[in-house]
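# Summary of the model geometry
Now for the letters of each chain:
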Amino acid sequence: MRIAAEYTAPELDSVNFAAVRPLVSTAVADDLLTPGESAHLATMLAALGMSWQDVQRSDPELYEHAFVSAINGGQLPEVRSPHILQKKGEIVHFESD
C-alpha cells in the first residue's frame, strides 16, 4: 500500500494510526475491553500491519487505557519469558523494570 500511495513509512504509520485511534477509543470508552472487542481490534491492527506496540509508541495514554480496560474485561496479560523466578504453576502477568 505504501508504494502505490507513495507514502513514506512514517506517513503511512500516521495514516494507519489515524484509522485505528477512533476504533480503540470507542472500544475502551466504557473502561471495559471485552474479548470480542479485543479480537476485533487485533484483526484491524493486523490488517494495517500494526501491533499494540505501535499503538503504545503512537499514543502511550491510549495504550494504557486499552491495557487497563482489557484487564477490567477479564483479560490478564501473560509474560511469556519472565525475568523473575516463579513457582511451579505460577503465571507472571506483569513485569516492570
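### Focus on the overall build of the protein chain
Counting secondary structure elements, the protein chain contains five helices and zero strands. Reading the protein chain from its N terminus to its C terminus gives the helix and strand order α-α-α-α-α. Relative to the globule expectation of 13 Å for 97 residues, the C-alpha radius of gyration of the protein chain, 16 Å, shows a markedly less compact shape. In terms of its C-alpha atoms, the protein chain occupies a principal-axis envelope of roughly 50 × 30 × 20 Å. Considering the protein chain as a whole, with its 97 residues, one finds that 21% of them fall into the buried category. For the protein chain, the computed accessible surface area is about 7,000 Å², with 56% contributed by carbon and sulfur atoms. The distance from the centre of the 6 positive side-chain charges to the centre of the 14 negative ones in the protein chain is 10 Å.

### Here's the deal with the packing of aromatic side chains
Each aromatic ring pair is specified by the distance between its two centres and by the angle formed by the two planes. For the structure shown, the criterion picks out three aromatic pairs. When the ring of F67 is compared with that of F94, the centres are 6.3 Å apart and the planes differ by 55 degrees; the resulting orientation is tilted. Residue F67 is located in helix α5 (residues 60-72), and its partner F94 is located in the segment after α5; the two are separated by 27 residues in the primary sequence. Here F67 falls in the partly exposed class, since its relative accessible area comes to 27%.

### Looking at the side chain of D59
With respect to the helices and strands, the residue D59 is situated in the loop between α4 (52-58) and α5. One polar contact links the side chain of D59 to the main-chain amide nitrogen of L62, over a distance of 3.0 Å. The contacts of D59, once residues within four sequence positions are left out, are F17 and R21.

### Section: unusual backbone geometry
Not every positive phi belongs to a glycine, and D31 is a case in point at roughly 60 degrees. Take D31: it is sitting in the loop between α2 (9-27) and α3 (35-47).

### Thoughts on α5
For α5, spanning 13 residues, the distance from its first C-alpha to its last is 18 Å, which sits close to the expected 18 Å at 1.5 Å a residue. Within α5, burial applies to L62, Y63, A66, S69 and A70. In an axial view of α5, the angular spread of the buried residues amounts to 130 degrees, which keeps them on one side of the axis. Across from the buried face of α5, at angles greater than 90 degrees, the exposed residues are P60, E61 and E64. Packed against the buried residues of α5 are α2 and α4. A positive phi of about 85 degrees marks G74, the residue just after α5.

Reading the values: the criteria
Residues numbered from 1 in each chain as written. Predicted model: local features only at pLDDT ≥ 70, side-chain atom pairs only at ≥ 80, totals over all residues. Heavy atoms only, no water. Helix = DSSP H or I, 4+ residues; strand = E, 2+ residues; numbered from the N terminus. Rg over C-alpha atoms; globule rule 2.2 N^0.38 Å. Buried < 20%, exposed > 50% of the residue type's maximum accessible area, 1.4 Å probe, protein only. Areas by Shrake-Rupley, 256 points an atom, 1.4 Å probe, with all protein chains shown as cover. Lys, Arg positive; Asp, Glu negative; His and termini not counted. Charge placed at Lys NZ, Arg CZ, Asp CG, Glu CD. Phe/Tyr/Trp six-rings, centres within 6.5 Å; stacked < 30°, edge-to-face > 60°. Polar contact = N/O pair within 3.5 Å; in protein donor to acceptor, adjacent residues only side chain to side chain. Contact = heavy atoms within 4.5 Å. Expected span 1.5 Å × (residues − 1). Arc of directions from axis to C-beta.

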